[in-house]
Amino acid sequence: MSQKQTLRLAAAFGIGLLILLYLFWSMGLDNIARLIYKIRPDYFLYAALIYFFSDILGAYSLKIALKSKLRLRKILPSHMCGMLYSAVTPGRVGYYYTALSIAKKTKESRTKNIGILTLMQGIGFFIKVVSCLIAVLYLSARFVNPGSRDYLLMASLVPIIFAIIIALILYTNTFNRALMRIPSLHKPLKHVTNMQHAVKEVSGGIILQLLLINLIGWFLVGLQWFYLARSLDLPISYWDAFMIQPLLSAVMFVPFTPGGLGITEGGSALLFALMMPQIPPIQASAAGVTFVLLTRLNSIVVDALGLIDMRIHARTDK
């Protein structure tokens, strides 16, 4: 990573932490500390196990999409380490580590893997678009007054924008023409073209399988979030957790801070205040912030197992 990239990442982290500190101050550290103190470890563990199963499912989808001959046990550490990187990078772009890791293991083209992963991200964003809109209808009918619906629709715009950008890059010449106008970017154009060729080789049957896997993943992560809500003793049903998951996870892709740090917590504070009118607004908002922090911790604890992938590469490089 260059010095310039390091400075940008540090600045993004700084912005996220400042937003988070403001949330802590405005909602009261005592309210958040009270919630953290009563976390139930058993439900936290259940959530971690469920998230691990979703990681296995994610690795399996990689195996299908890349038509890889690698065994699942070799793809899984690459996927988990990529997820770990994605949690600490703006726009979650760190997941592309997975493409580089698998290319190193198979001695195949990195560009091809990046193209396939971009397609998979596009499919994921398409599912998020649909699930966010369903979530808006569900939450509006149950908890949200009509005037607050705009806030939920704004969260839905994130996956819509990303899905459109990915479709333009992979399936049209719009991005290519833009690169052609800048002489210094002619070299990356070759990689974009290779990505497009790799994506066009993915059959409709595989795309349908990836859509189905994404849907199953939605149910699994919804269950993870439900158990995390239970660990905080929050009055949230499985279907509530299932519906808020696409909205909040979409906000995590906002590229201003690593993993949407601070921004996602702020959105969750607003959402929980709308969902739990029986609790004083300041306490409900504090619960929303604590809940997102707990989901981050739960996922990072599991994905940290992927660090074994870096050790494998370190040994092979010697």
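To be clear, the structure that these remarks concern was listed above.
Note that the structure is a prediction, hence the values are computed from the model and not measured.

Chemist: Let's hear about the side chain of Gln245: which residues, and what values?
Modeler: By the element assignment, Gln245 lies in helix 11 (residues 238-251). Contacts of Gln245, omitting those with residues within four sequence positions, involve Trp218, Val221 and Trp225.

Chemist: I'd like to hear about the environment of Leu307, residue by residue, with values.
Modeler: Its place among the elements puts Leu307 in helix 14 (residues 307-317). The partly exposed category is assigned to Leu307, whose relative accessible area is 38%. Taking the C-alpha atoms as reference points, Leu307 and Leu84, 223 residues apart in sequence, are found 8.4 Å from one another.

Chemist: Explain the environment of Val251 to me, using residue names and the numbers behind them.
Modeler: The residue Val251 is located in helix 11 in this model. A residue is classified by how much of its surface remains accessible, and Val251, at 12% relative accessible area, is buried. Measuring from C-alpha to C-alpha, the distance between Val251 and Leu261 comes to 9.4 Å, with 10 residues separating the pair along the chain.

Chemist: Describe in detail the pattern of salt bridges, supporting the description with residues and values.
Modeler: Counted according to the given criterion, the structure contains 3 salt bridges. Residue Lys105 pairs with Asp309 through a salt bridge whose shortest N-O separation is 2.7 Å. In this pair, Lys105 is assigned in helix 5 (residues 97-106) and Asp309 in helix 14, connecting sequence segments 204 residues apart. According to the relative accessible area criterion, Lys105 is partly exposed, its value standing at 24%. Of the charged contacts in the structure, one is a salt bridge between Glu265 and Arg296, with a shortest N-O distance of 2.7 Å. Of this pair, Glu265 sits in helix 12 (residues 263-275) while Arg296 sits in helix 13 (residues 281-303), and the two are 31 residues apart along the sequence. Pair check on accessibility: Glu265 and Arg296 agree, each one buried.

Chemist: Break down a nonpolar patch on the surface for me, with residues and values.
Modeler: Residues Leu45, Tyr46, Leu49 and Phe53 make up a contiguous nonpolar surface patch of about 410 Å² in total accessible area. As for its placement among the helices and strands, Phe53 is situated in helix 3 (residues 41-66).

Chemist: Give me the lowdown on the environment of Phe226, citing residues and values where you can.
Modeler: Note on placement: Phe226 falls in helix 10 (residues 204-231). Distance in space between the C-alpha atoms of Phe226 and Ala47 is 8.0 Å, their sequence separation being 179 residues. Apart from residues lying up to four places away in sequence, Phe226 is in contact with Ile236, Ser237, Tyr238 and Ala241.

Chemist: Go over helix 4 (residues 72-87), please, and point to the residues and values.
Modeler: Over its 16 residues, helix 4 runs 22 Å from end to end, which matches the ideal 22 Å to within 8%, given 1.5 Å per residue. Listed as buried for helix 4 are Ile75, Leu76, Pro77, Ser78, His79, Met80, Cys81, Gly82, Met83, Leu84 and Ser86.

Chemist: Can you tell me about the packing of helix 3 against helix 6 (residues 110-142), naming the residues and giving the values?
Modeler: One can describe the packing of helix 3 onto helix 6 by two numbers: an axis separation of 10 Å at closest approach and a directional angle of 120°. Between helix 3 and helix 6, the crossing angle belongs to the class labelled oblique. Remark: the crossing between helix 3 and helix 6 carries right-handed chirality. Residue-level contacts link Ser61, Leu62, Ala65 and Leu66 of helix 3 to Lys112, Asn113, Ile116, Leu117 and Met120 of helix 6. Here the contact of helix 3 with helix 6 is built from residues that sort into 6 nonpolar, 2 polar and 1 charged.

Thresholds applied
Residues numbered from 1 in each chain as written. Predicted model: local features only at pLDDT ≥ 70, side-chain atom pairs only at ≥ 80, totals over all residues. Heavy atoms only, no water. Helix = DSSP H or I, 4+ residues; strand = E, 2+ residues; numbered from the N terminus. Contact = heavy atoms within 4.5 Å. Buried < 20%, exposed > 50% of the residue type's maximum accessible area, 1.4 Å probe, protein only. Salt bridge = Lys/Arg side-chain N within 4 Å of Asp/Glu carboxyl O. Patch = residues over 30% accessible without salt bridge, like charges linked within 9 Å, V, L, I, M, F, W, Y side chains within 5 Å. Areas by Shrake-Rupley, 256 points an atom, 1.4 Å probe, with all protein chains shown as cover. Expected span 1.5 Å × (residues − 1). Axes fitted to C-alpha atoms, helices over the stretch in contact; angles between N-to-C directions. Parallel < 35°, antiparallel > 145°, perpendicular 65-115°, else oblique. Left-handed = near helix turned anticlockwise from the far one by under 90°. Nonpolar A, V, L, I, M, F, W, Y, C, P; charged D, E, K, R; others polar.

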